[in-house]
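Close look at the chain arrangement
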Amino acid sequence: MSLLEVTVPDGFTLHSENTAHILLPNDNGAFLNPVQEFNRDLSVACITTWGDLMNQAKQKKRQVTQEKRAKKGEQIGKAKKQRTLAAVEIEQDASQNAQTEPSTSPTEDTGSMEHKFIILEALSATGLRSIRYAKEIPLVKYVIANDLSPTAAQAMRRNVEINGLGAEKSSEGEEANVAHTIRKGAGSQGKVRVNEGDACALMYNHRAPGARVDVVDLDPYGTAAPFIDAAVQCVTDGGLLCVTCTDLAVLASTNYSEKCFSNYGGVSVKTEYCHESALRLVLHTISTSAARYGRYIQPLLSLSIDFYVRLFIRVSTSPIEVKRLASKTSTYYVCSHCQSFYEQPLGKTVTTTHEGNGLTIHNFKVHSGPPVADRCVECNSVLHVAGPMWNGPIHEKDFVSKVLGHVEHHEGKYGTAPRMKGMLTVAKEELDTAFYFTPSKVASFFHCVCPSLPQITNALLHAGHMVSRSHACPGSLKTPAGRDVIHDIFRSWIKTNPVKMEKISEASPAQVLLAKEPKFEANFKHHPDSITQSAKFKLVRYQQNPTPNWGPATKATGSGASKKRKRRQADAEEE
């Protein structure tokens, strides 16, 4: 249905995004935040890329299987050939047929047999995301759009029909009932199938191996923690889990440390790199939830965006990978002043080679500790404990490169393509080391004039350390160099840019930082590797405020379940 054919009834507003058109009730009965168009654009691109990669893997596997069958047929033919001489010609013909038929069929089959996948959006609200998935991702078989609110479910059915994705009409003109009947292979139910019910109950109904879905999308208002256990069980092996959490007041600060621990099983940090620790806390709770069922995660893309985090994670089954989880989990001792951090992994993997057969043996052991005394080595300040959280890579570079290539080839398809290219470029170049820093923040610890970002980059590169930007914070840098190296660079800087010591209190930790002599002389001159390939192009790496007073937006007022709860509470208070 085109935009001109949509009739807007009283009490509704028409909202269009890319190829989708939806009706929004003026009473805020169903939640939608237009600012999250970037989130939806990025999700379409990532799921499309994942679907293409999955199809390539399946086709390759199918081709290998057919080649094995062909080889087996050839071996059978040779065995038959050794029989009586009278049957030689017949056996040779059979052998030739067994050899030639499979050799041509793999290329024909792999080109035509595309695997279409199923997406489950557990918290759909208006259904805009599900509608966009159904219309814009080529390999989608169908999308299950669920919401507990009757108002939201009604809005979804309306919007699905507007976009022509609903159930086919029967001969009597009656619409097929798709709200509570979700089965594979029922093409008449439409490409977006609306379900009104509890998200966890729906996902638990899909946790049996034969009923699992290929992609699960969790985009709640607030935390996704209550839905993660069900989600990691209902996604198929090698499937994609997409998770959004908007509760950064919990994830990216220590104001609600008890809530952070109850939701994510760890404690956050009060530092400038709190947004990366938020990502690592969410990855921790997803990885531990999956491990309970013999499954492990591979973070493909993990981004801190505006007021939320968005993660794209592949979920697979492997007992040996589950055993590695302890070595991919760490607590951190974080300095309360200079923000230096000291990592304490929970486990380690010791790899040995068997002398007799040469096989690799993995031994999983506890890690020694602690990594530091009760005070910060750099400034002698108090240390705070953060975590446990994920300490492994948060992006898979090959996947990010493919998503970036997809966006560049389909730039006109996405309304937020410039920002997508910028953020994906930074994520592709980002180092796998934990946490970032900003020169301005470190300069504040020394009470000195701040050197420029290129000067710090040059000094680190001349000292033999890798450097990259971080997508999570403008003006940030990531490096495997320790904080002692970074502090020595600033001490070298201070030699030519002195600090006014009379303005620093004797009790200030800055006195301890400034009293140390640098172990090496930093070189701030231009380094040839300081300019990356992407730096030569003008990219929108960090978002500017899109609208005044933007943010998570107001929660939907809804009706039905939420209003019933309020009425029950009011009745209980009256009694």
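Residues numbered from 1 in each chain as written. Predicted model: local features only at pLDDT ≥ 70, side-chain atom pairs only at ≥ 80, totals over all residues. Heavy atoms only, no water.

The next subject is helix α12 (residues 417–429). For α12, which comprises 13 residues, the first-to-last C-alpha distance of 18 Å matches the rise-based estimate of 18 Å (1.5 Å per residue) to within 8%. The buried fraction of α12 amounts to 10 of the 13 residues, a majority that puts the element mostly inside the structure. (Helix = DSSP H or I, 4+ residues; strand = E, 2+ residues; numbered from the N terminus. Expected span 1.5 Å × (residues − 1). Buried < 20%, exposed > 50% of the residue type's maximum accessible area, 1.4 Å probe, protein only.)

It is worth spelling out the sheet that holds strand β14 (residues 383–390) at this point. One open sheet accounts for three strands, arranged β11-β10-β14; its pairing is antiparallel. The open sheet is flanked by β11 (341–345) and β14, the only strands paired with a single partner. Going across the sheet, the axis of each strand differs from the next one's by a mean of 25°, ignoring polarity. Of the strands in this sheet, β10 (329–335) and β14 touch helix α9 (residues 274–291), which is tilted by about 50° from β14. (Pairing = 2+ DSSP bridges. Axes fitted to C-alpha atoms, helices over the stretch in contact; angles between N-to-C directions. Contact = heavy atoms within 4.5 Å.)

Attention shifts here to the pairing of strand β8 (residues 295–305). Within β8, 10 of the 11 residues are buried, leaving the element largely enclosed by the surrounding structure. Relative to strand β9 (residues 308–317), β8 is paired through 10 bridges, and the arrangement is antiparallel. Its bridge partner lying in β9, Ser304 is registered against Val309. Joining the antiparallel neighbours β8 and β9 is a turn of two residues, in which Asp306 adopts a positive phi near 50°.

Another aspect to go through is the environment of Pro9. Here Pro9 lies in the segment before β1 (12–17). A residue is classified by how much of its surface remains accessible, and Pro9, at 35% relative accessible area, is partly exposed. For the pair formed by Pro9 and Leu23, sequence separation is 14 residues and the distance between their alpha carbons is 8.8 Å.

Within the secondary structure layout, Thr49 lies in helix α1 (residues 37–81). Thr49 sits in the buried class, given a relative accessible area of 5%. Along the primary structure Thr49 and Gly405 are separated by 356 residues, whereas in three dimensions their C-alpha atoms are 9.5 Å apart.

Right, let's talk about the pattern of salt bridges for a bit. Using the criterion set out here, one finds 21 salt bridges in the structure. The salt bridge partner of Glu378 is Arg491, with a shortest N-O separation of 3.9 Å. On the criterion of sequence distance, the pair formed by Glu378 in the loop between β13 (360–366) and β14 and Arg491 in helix α15 (residues 483–496) is long-range, its members being 113 residues apart. For the pair formed by Glu378 and Arg491, the shared burial category is buried. (Salt bridge = Lys/Arg side-chain N within 4 Å of Asp/Glu carboxyl O.)

In the contact formed by helix α13 (residues 439–446) and α15, the axes pass within 11 Å of each other and the chain directions differ by 65°. Taken together, the axes of α13 and α15 are roughly perpendicular relative to one another. Once α13 is placed against α15, the crossing between them reads as right-handed. Each of Pro439, Val442, Ala443 and Phe446 in α13 lies in contact with α15, whose residues at this interface are Ile486, His487, Phe490, Arg491 and Ile494. Among the residues making up the contact of α13 with α15, the classes are represented as seven nonpolar, one polar and one charged. (Parallel < 35°, antiparallel > 145°, perpendicular 65-115°, else oblique. Left-handed = near helix turned anticlockwise from the far one by under 90°. Nonpolar A, V, L, I, M, F, W, Y, C, P; charged D, E, K, R; others polar.)

Attention now moves to the pairing of strand β6 (residues 213–218). Residues in a regular strand project their side chains so that they alternate between the two faces of the sheet. Burial within β6 is extensive, with six of its six residues counted as buried. Pairing geometry for strand β3 (residues 117–121) and β6, over three bridges, is parallel. In the strand pairing of β6, Ile119 is matched with Val215. For the segment spanning β6, helix α6 (residues 225–234) and strand β7 (residues 235–245), crossover handedness is right-handed. (Right-handed = clockwise from strand over helix to strand, strands pointing away.)

The geometry of an aromatic ring pair is captured by the separation of the ring centres together with the interplanar angle, meaning the angle of the planes. Here the structure, examined in full by the defined rule, presents nine aromatic pairs. Plain terms: the ring middles of Tyr273 and Phe341 are 5.7 Å apart, the flat faces sit at 70° to each other, and that makes the pair edge-to-face. Of this pair, Tyr273 sits in the loop between α8 (257–264) and α9 while Phe341 sits in strand β11; the two residues are 68 residues apart in sequence, bridging distant segments of the chain. Seen in terms of ring centroids, Trp493 and Phe524 are 5.6 Å apart; in terms of plane orientation they differ by 70°. Their pairing is edge-to-face. Remark: Phe524 occurs in the loop between α16 (509–515) and α17 (561–574) and Trp493 occurs in helix α15; sequence separation between them is 31 residues. An aromatic cluster is defined as three or more aromatic residues linked by ring pairs; in this entry it consists of Tyr273, Tyr332, Phe341 and Phe435. Taking the ring centre of Tyr142 as reference, the NZ or CZ of Arg193 above it sits at 3.5 Å. Arg280 extends its terminal NZ or CZ atom over the ring of Phe435, reaching a point 6.0 Å from the ring centre. (Phe/Tyr/Trp six-rings, centres within 6.5 Å; stacked < 30°, edge-to-face > 60°. Lys NZ or Arg CZ within 6 Å of the ring centre and 35° of its normal.)

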